[in-house]
There are 2 protein chains.
Amino acid sequence: MKMNNFERIQNPKLRHRVVTAEQAASWIEDGMTLGLSGFTRAGDVKAVPTALVKRAQHEKFKVNVFTGASLGSDIDKLFAEAGILRKRLPFQADATMRKRINEGEFLFVDQHLSHTAEYIRNRVLEPIDFAIVEAITITGEGMIIPTTSVGNSLVFAQHAQEIIVEINTAQPLALEGVHDLYEVGQQGERNPIPITKPEDRIGVKGIQVDVDKIKGIVFTHQLDSPSTIVPPDKTTQTMAKHLIHFFRAEIAAGRLTESLAPLQSGIGSVANAVFHGFLESEFSHLKVYSEVLQDAVFDLIDAGKVSFASCCSMTLSDAKMKQVFAHFEKYREKLVLRPQEISNHPEIIRRLGLISINTALEVDLYGNVNSTHVLGTNMMNGIGGSGDFARHSRLAIFVTKSIAKEGNISSVVPFVSHVDHTEHDVDIIVTEQGYADLRGLAPRERVALIIEKCAHPLYREKLWDYYKEALKGGGQTPHVLEKAFSWHSNFKKYGTMNPTVSAD
Amino acid sequence: MKMNNFERIQNPKLRHRVVTAEQAASWIEDGMTLGLSGFTRAGDVKAVPTALVKRAQHEKFKVNVFTGASLGSDIDKLFAEAGILRKRLPFQADATMRKRINEGEFLFVDQHLSHTAEYIRNRVLEPIDFAIVEAITITGEGMIIPTTSVGNSLVFAQHAQEIIVEINTAQPLALEGVHDLYEVGQQGERNPIPITKPEDRIGVKGIQVDVDKIKGIVFTHQLDSPSTIVPPDKTTQTMAKHLIHFFRAEIAAGRLTESLAPLQSGIGSVANAVFHGFLESEFSHLKVYSEVLQDAVFDLIDAGKVSFASCCSMTLSDAKMKQVFAHFEKYREKLVLRPQEISNHPEIIRRLGLISINTALEVDLYGNVNSTHVLGTNMMNGIGGSGDFARHSRLAIFVTKSIAKEGNISSVVPFVSHVDHTEHDVDIIVTEQGYADLRGLAPRERVALIIEKCAHPLYREKLWDYYKEALKGGGQTPHVLEKAFSWHSNFKKYGTMNPTVSAD
Ligand SMILES: CC(C)(COP(=O)(O)OP(=O)(O)OC[C@H]1O[C@@H](n2cnc3c(N)ncnc32)[C@H](O)[C@@H]1OP(=O)(O)O)[C@@H](O)C(=O)NCCC(=O)NCCS
Ligand SMILES: CC(C)(COP(=O)(O)OP(=O)(O)OC[C@H]1O[C@@H](n2cnc3c(N)ncnc32)[C@H](O)[C@@H]1OP(=O)(O)O)[C@@H](O)C(=O)NCCC(=O)NCCS
């Protein structure tokens, strides 16, 4: 299917609303709140944000920017550098933005990705002045057909004063029909969400809006930024092997079958590598119910291992994007793109009994997980969907390398310097050393497993030392509070958690 | 309705299975796992556990004890003293048991109360040898009609090898028809739970079991232990006033109406006092969707303020129990008792958009909450349902007095010594000083509110000192890790968090 630009706006009334990105950006005023499409570098609006950043060269203003998750096309970097942000939520993953957040230049609200829509619906957050969303087309009835992500676009468009649409002609028209837009409605007046299988379609193919709210339409022609994940290496492959070993043990115990349970996997290289591990496994008829689909899921579809994948965004490498979009008919029937509220909804995650795999920065002796804060203070990316999944999954798995920074950091510490996931929400921890199955265990039972199966040999003895000292004080969760963060202090002072000089 | 004992067993086949508590207890073997009815001192089995404890006087054995939540009738105390426990889960609230847990005498697994049933269904926990459940009757079809709580009795009975029923003739027969037993089924094969209003009935009136699994029936005649809550005092009344002020502000902002949203309130005196506060308020047509109903809910029903209350247990004071059971026809149509998996289910909590009110031991500058661990190590009661509710409610409210132990402990600390609820799950914090509305705020925005509105004046300056020092290091969540737990260390060393001698 080919269309000229004009044909992509099927509602004649809307055709005269085409403007330049600069015109659209000029409508945005100091103090406004923008709701942008975009989730993990996919389906983000590209032109209007770029034009807005340009305005900042000769104008002083600040805006709140709400999105699905992280943006691509360097938009988050440009926003941060331009100094035009007052508040950013609910997730980001850009090095420059991260730096500015940690310097306190603007506010970052780190939210569970399923929560943002509820806060908007309940009018707790700043009201949205402009929803700015990327589309492949606008239908005759004024339905906006999203591109490679859905994110929070539905709730933004419904609750915004006005809407700007970026029609991106570089995004494949073949995506039409892949989305499934479902509005849950107000709490207290809502029905059950009728998904009982990852492949269930429950909504409509686009974002239905009042066409009078569409103030402008901008044309762009620019692919999503390719994903930045690095290919699996020896360490991540070893982690994948441990995980597969765990799944085999579950099958042997009669708790899983070879099609496992619908899978979710978080962002990042480790998570992608773990999925890659399934390629060489005996598991088949797998289904995915996740947020982001990375390359590995498409490899698994190609290999006939994954029969269906539900997501709210597709974030692919350059090569994979070309391949997938060149043969999209092969994937169409095996994919659905949903709002992040649905992909991450507790109701569905619990009902389907997902196996979720997310990444930790550090874990502690008792299985608490830090996924966001380096040394307890500096934001990395945000909690993202990891909390939505870990709390409600049938199996909440966290993966992390046992050490970071050439061994100067142990990812297993006495007390995590920030808690994103409590021991109640962490079932399995996997490192390249092995895995610890923590289900049904009391805190004291968890310690030996975590040290012996997950920690790096470099740090095992030291972890035992801490625990033995803590045990003298007793308790359900023994700790020496005075030394709980001494490893982190050591790293700050000496550049390593494993100093020859003592930090005390 | 009066019945003789014999008539309470309506299935003739079962009538010859009546045994003494001692006989039933004699079936329990070393190493077995028991699933007992009982939730917050209500509807617990009384005779068989007591007989089992007696056996321990001249026999050595250990068992795992799983329940709904805490037990009454001093059973948890007796278990702990008898030294017959290997593992106890998912909640307790007894001083002696707490002490033994913290001494490491047996294992305590602290779980979200909605999670235990899933772990049993997925065969992750030790298999249940005996389910021992309290009942008012057993119907002709072998349906066990529970008493004042449902807890985990359904999942225990379904998955146990064998069942022992305690028919308690002191529990009112009028309870028949008040329960609503619904089995969600296996994850992945399950339908939506069809509750859209607190009053919806979706199941059957009792626990349907294979009658052949009922090995024995024991008669008892003993009321539940009365609740131990203390009546509202000046401080808790002030907290209630702040909360009511907050609700009024929400109504003024158009975010709530005078019937608010279905209410949940946690255990304890503070939570009960807060509910009491509604008595003198203008709010009406309130509904409750909670775990435990304490006295205050019945006072609110009497006052015509609460029109319906859904729960999984009723834990009343002596006087209130007498009054309620003497006029039970007044309350029947306004009550439903559900399994704790349903009362605490994320799906329902999120759908109904509850207002949840739970108690914190301590909160920190950024809104993280510790509800379980004194000084980060010693178990108090357990997380209970607070995580189920806080994560999914429309409004997650935590209440705590600003100080404890005559002011030697500040309930607002730089860094909570244990995290049960992360800043993502905490909307409002209320102390007798005021309330902090944290919704949509970044960590740095939360600090001033929490210090100025919630902390005790005795500690405000010190909190500011910590924060100002932390700010020098920057970060999304500024901290001085070396001093993060210094307040707790001070308390341990000097008996106060506010020493004249410095602890550094
Ligand atoms: C945790 C997370 C940052 C890991 O990302 P990743 O790319 O898989 O992991 P890496 O091992 O490459 O680590 C990333 C960086 O953190 C550093 N790091 C890892 N562990 C660390 C620790 N304990 N302390 C400090 N730094 C650490 C690494 O050295 C690396 O640094 P670099 O970028 O300077 O090389 C990422 O998964 C995340 O943001 N998770 C939270 C959100 C989430 O889970 N979402 C899931 C649903 S989308
Ligand atoms: C947190 C919890 C223990 C508070 O109970 P409560 O009876 O309302 O609170 P109180 O203020 O009376 O405090 C209880 C005790 O803790 C002590 N305490 C309070 N704050 C403390 C702190 N920060 N550090 C140490 N001790 C503290 C009090 O002094 C009191 O001690 P005492 O028993 O020796 O007098 C209780 O609500 C709980 O167990 N919550 C977790 C489970 C839950 O929330 N369930 C909700 C759904 S059921």
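About the cut-offs
Residues numbered from 1 in each chain as written. Chains lettered and ligands numbered in written order. Predicted model: local features only at pLDDT ≥ 70, side-chain atom pairs only at ≥ 80, totals over all residues. Heavy atoms only, no water. Helix = DSSP H or I, 4+ residues; strand = E, 2+ residues; numbered from the N terminus. Rg over C-alpha atoms; globule rule 2.2 N^0.38 Å. Buried < 20%, exposed > 50% of the residue type's maximum accessible area, 1.4 Å probe, protein only. Contact = heavy atoms within 4.5 Å. Areas by Shrake-Rupley, 256 points an atom, 1.4 Å probe, with all protein chains shown as cover. Lys, Arg positive; Asp, Glu negative; His and termini not counted. Charge placed at Lys NZ, Arg CZ, Asp CG, Glu CD. Near = heavy atom within 4 Å. Polar contact = N/O pair within 3.5 Å; in protein donor to acceptor, adjacent residues only side chain to side chain. Nonpolar A, V, L, I, M, F, W, Y, C, P; charged D, E, K, R; others polar. Least-squares fit on C-alpha atoms with pLDDT ≥ 70 in both. Arc of directions from axis to C-beta.

Peer 1: Any chance you could explain the overall build of chain A here in plain terms?
Peer 2: Helices and strands together make up the secondary structure of chain A, namely 19 helices and 27 strands. Relative to the compact-globule value of 23 Å for 504 residues, chain A shows a C-alpha radius of gyration of 23 Å, a close match. Projecting the C-alpha coordinates of chain A onto the three principal axes gives extents of approximately 75 × 50 × 45 Å. Out of the 504 residues belonging to chain A, those deemed buried represent 68%. Within chain A, counting contacts between residues at least 6 apart in sequence, those at least 24 apart form 73% of the total. For chain A, the accessible area works out to roughly 16,300 Å², and carbon and sulfur atoms hold 51% of it. Taken together, the 55 basic and 60 acidic charged side chains of chain A have centroids lying 1 Å from each other.

Peer 1: Got a minute to help me understand the site of ligand 2 in this structure?
Peer 2: Residue and element names in this part refer to chain B. The local shell around ligand 2 holds 23 residues, among which Glu291, Asn358, Leu361, Asn381 and Lys405 are the closest. At a separation of 2.9 Å, a nitrogen atom of ligand 2 approaches a polar backbone atom of Leu361. Asn381 is positioned with one of its side-chain polar atoms (N or O) 2.6 Å from an oxygen atom of ligand 2. The protein chains hide 78% of the 970 Å² of surface that ligand 2 would expose on its own. Only helix H9 (269-277) and strand S17 (355-359) provide two or more residues apiece to the shell around ligand 2. Grouping the constituent residues of the shell around ligand 2 by class yields nine nonpolar, eleven polar and three charged.

Peer 1: So what exactly am I meant to see when it comes to the relation of the copies chain A and chain B here?
Peer 2: Both copies of the chain are tied together by a single rotation about an axis and a shift running along it. Superposition record for chain A on chain B: RMSD 0.0 Å, screw rotation 180°, translation along axis 0.0 Å. Here the symmetry operator amounts to a two-fold rotation axis. Scanning chain A for the C-alpha nearest the rotation axis identifies Glu347(A), at a separation of 2.2 Å. Of all interface residues in chain A, 100% are interface residues in chain B too; the two copies therefore contact each other through one and the same surface.

Peer 1: Quick question: what am I supposed to make of helix H5 (residues 75-82) of chain A here?
Peer 2: Every α-helical turn comprises 3.6 residues, leaving residues that sit three or four positions apart pointing alike. All names here are of chain A. Buried within H5 we find Ile75, Asp76, Phe79 and Ala80. Take H5 and look down its axis: the buried residues cluster within an arc of 135°, on one side only. Where the residues of H5 are buried, they touch strand S1 (33-36), helix H4 (47-55), strand S2 (63-66), strand S3 (85-89) and helix H6 (95-102). Just beyond H5, the residue with positive phi is Gly83, at close to 65°.

Peer 1: Whenever I open this one, the site of ligand 1 confuses me. Can you help?
Peer 2: All names here are of chain A. Not every one of the 23 residues close to ligand 1 is listed here, only the nearest: Glu291, Asn358, Leu361, Asn381 and Lys405. Contact between ligand 1 and Leu361: a nitrogen atom at 2.9 Å from a main-chain N or O atom of the residue. Here ligand 1 loses 77% of its free accessible area of 970 Å² to cover by the protein chains. Those elements giving two or more residues to the shell around ligand 1 turn out to be helix H10 (269-277) and strand S17 (355-359).

Peer 1: It is not clear to me how unusual backbone geometry should be interpreted in this structure. Could you clarify?
Peer 2: Among all residues except glycine, the phi angle is most often negative; among peptide bonds, the trans geometry is most common. Put simply, Leu89(A) and Pro90(A) share a cis peptide bond, and its omega is -5°. Following the sequence through the fold, Pro90(A) ends up in the loop between S3 and H6. For Asp74(B), which is not glycine, the phi torsion reads 60° and is therefore positive. Along the polypeptide, Asp74(B) turns up in the loop between strand S2 (63-66) and helix H4 (75-82). With relative accessibility at 46%, the residue Asp74(B) sits in the partly exposed group. Backbone geometry at Leu375(B) places phi at a positive 50°, although glycine is not the residue there. With respect to the element layout, Leu375(B) can be found in the loop between strand S20 (373-374) and strand S21 (378-379). Exposure remark for Leu375(B): the relative accessible area of 18% places this residue in the buried category.

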